[in-house]
Amino acid sequence: MSKSEIFAELVTYDHEQVVFCNDNATGLKAIIAIHNTVLGPGLGGTRVWNYASETDALNDVLRLSRGMTYKAAISGLNLGGAKAVIIGDANQIKTEALMRKFGRFVENLNGKYITAEDVNTTTRDMEYVHMETSHVVGLPESMGGGGDPSPVTAYGVYMGMKASAKHAWGSDSLAGKKVAVQGVGKVGGHLLDFLHKEGAQLVISDINEATLKQYASTHGATVVSGDEIYSQPVDIFAPCALGAILNEKNIAALKAGVIAGAANNQLADENVHGPMLLEKGITYAPDFLINAGGLINVYQEHIGYNRETAYRQAEHIFDVTLEILKTSVDQKIHSQKAATLLAEKRIKAIASVQSTY
Ligand code: NAD
């Protein structure tokens, strides 16, 4: 990518700042992208990935940082959007020195960027980063952090699911509703707890046989394999494993009237599959809204951790989901778009608030 092409990319989505970090001694090659800091410092995790090219790495960090802006804005947080990528094979390049050097680059941004765990980074890595900067969240509880965010994420998904049920059927009760959950890992597992407690009937799929067996026994869940999860005769489908699973084929197979799950980027192509769901009358709870519990949890860490407040804030996902689903119907736009527009509206409104000292 040439210099002029890079700026063309930044102009397209209005990125504020992109920092290229290089350190020969540790082999660190990182890109920090700060998309928008109107609402607050840009917060987003650091991903370590062996990208096929530097252009792929740049595109990924630009796309992910933009996503963080919308997630923070729609969740009512005073946070902007940012993200970082470290280029290379996590198993080979990650060392204490490399992570600490990365922490130094984060420190140099003086709090404009706050980092956290992401794909191929761990709590231990964040401890190294924390040795060089205080602008890091997702630390263990023993260090004053918020610990595992997945219970709060699951609670937010549960709230979004209840709001979607209310929108679709007039009641937020999930008692007796059949729910298919794809992926019963950290978030999916906690979601099963909430659903089971409320009396929902559960259908589950995963690639981990042991987990499936466990939930079949403790939660009375019916186990199905692979793609069978899409065509189950259920009321609600909750994708909690993989992104991009809402494509032509899977949408055609769906019998569920509501989709509400934790996975990121569920729509294979937002502009194609968002409208397709709207046309089919399937209520789709925007993923970046209802899975924001994890971000809400680390935001609490940023301002002084309190788990109760994190849950209270995640509960708000119920009202916002209802509002967006109503807007989607009233304005005949798909729900992901309605959510994006609401996020943009908040950023614009707060930008004008901040225009005077
Ligand atoms: P996880 O790794 O704990 O769980 C994912 C589960 O999906 C695992 O049990 C895995 O075996 C299963 N899985 C993988 N491939 C599958 C397939 N083809 N079919 C069925 N199951 C499959 O991850 P998690 O933390 O529970 O996150 C789940 C999703 O939610 C991810 O997409 C993640 O990006 C997103 N998310 C998580 C959080 C969080 O707080 N953990 C926050 C926001 C978004």
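Remember, predicted model here, so these are calculated numbers, not experimental data.

S.K.: Would you mind showing me how to read the domain arrangement of the chain here?
M.R.: Often, the extent of an interface is quoted as the loss of accessible area on bringing the components together. Domain parsing of the chain yields domain 1 (3–65 + 79–143) and domain 2 (150–345). Its C-alpha centre places domain 1 at a distance of 28 Å from the equivalent point of domain 2. Tallying the contact residues gives 8 residues for domain 1 and 6 residues for domain 2. Summed over both sides, the interface of domain 1 with domain 2 buries roughly 600 Å², with 69% coming from carbon and sulfur.

S.K.: Hey, could you run me through the layout of surface pockets in this one?
M.R.: Using a probe with the size of a water molecule, rolled over the atoms, empty space left in the structure can be pinpointed. Roughly 210 Å³ of volume is contained in the second largest pocket. Along the walls of the second largest pocket sit Met1, Ile6, Phe20, Cys21, Asn22, Lys29, Ala30, Ile31, Glu54, Thr55, Leu58 and Ile87, which together make up its complete lining. Of all the elements in the fold, those that place two or more residues in the lining of the second largest pocket are strand 1 (17–23), strand 2 (28–36) and helix 2 (54–74). When the residues that make up the lining of the second largest pocket are grouped by side-chain class, the tally is 8 nonpolar, 2 polar and 2 charged.

S.K.: Can you help me understand helix 12 (residues 293–303) in this one?
M.R.: The periodicity of an α-helix, 3.6 residues per turn, causes residues three or four positions apart to be oriented the same way. Of all the 11 residues making up helix 12, 9 are buried; the element is thus mostly covered by neighbouring parts of the structure. Contacts made by the buried residues of helix 12 are with strand 3 (42–43), helix 2, helix 6 (150–169), helix 13 (307–315) and helix 14 (317–330). One or two residues past the end of helix 12 sits glycine 304, with phi positive at roughly 115°.

Reading the values: rules and limits
Residues numbered from 1 in each chain as written. Predicted model: local features only at pLDDT ≥ 70, side-chain atom pairs only at ≥ 80, totals over all residues. Heavy atoms only, no water. Domains from an automatic or database assignment. Contact = heavy atoms within 4.5 Å. Buried area = accessible area lost by both parts, 1.4 Å probe. 1 Å grid on protein atoms, 1.4 Å probe; cavity = no way out; pocket = protein on both sides within 12 Å on 5 of 7 lines; lining within 4 Å. Points joined across faces, edges and corners; volume = space filled by probe spheres on them. Helix = DSSP H or I, 4+ residues; strand = E, 2+ residues; numbered from the N terminus. Nonpolar A, V, L, I, M, F, W, Y, C, P; charged D, E, K, R; others polar. Buried < 20%, exposed > 50% of the residue type's maximum accessible area, 1.4 Å probe, protein only.

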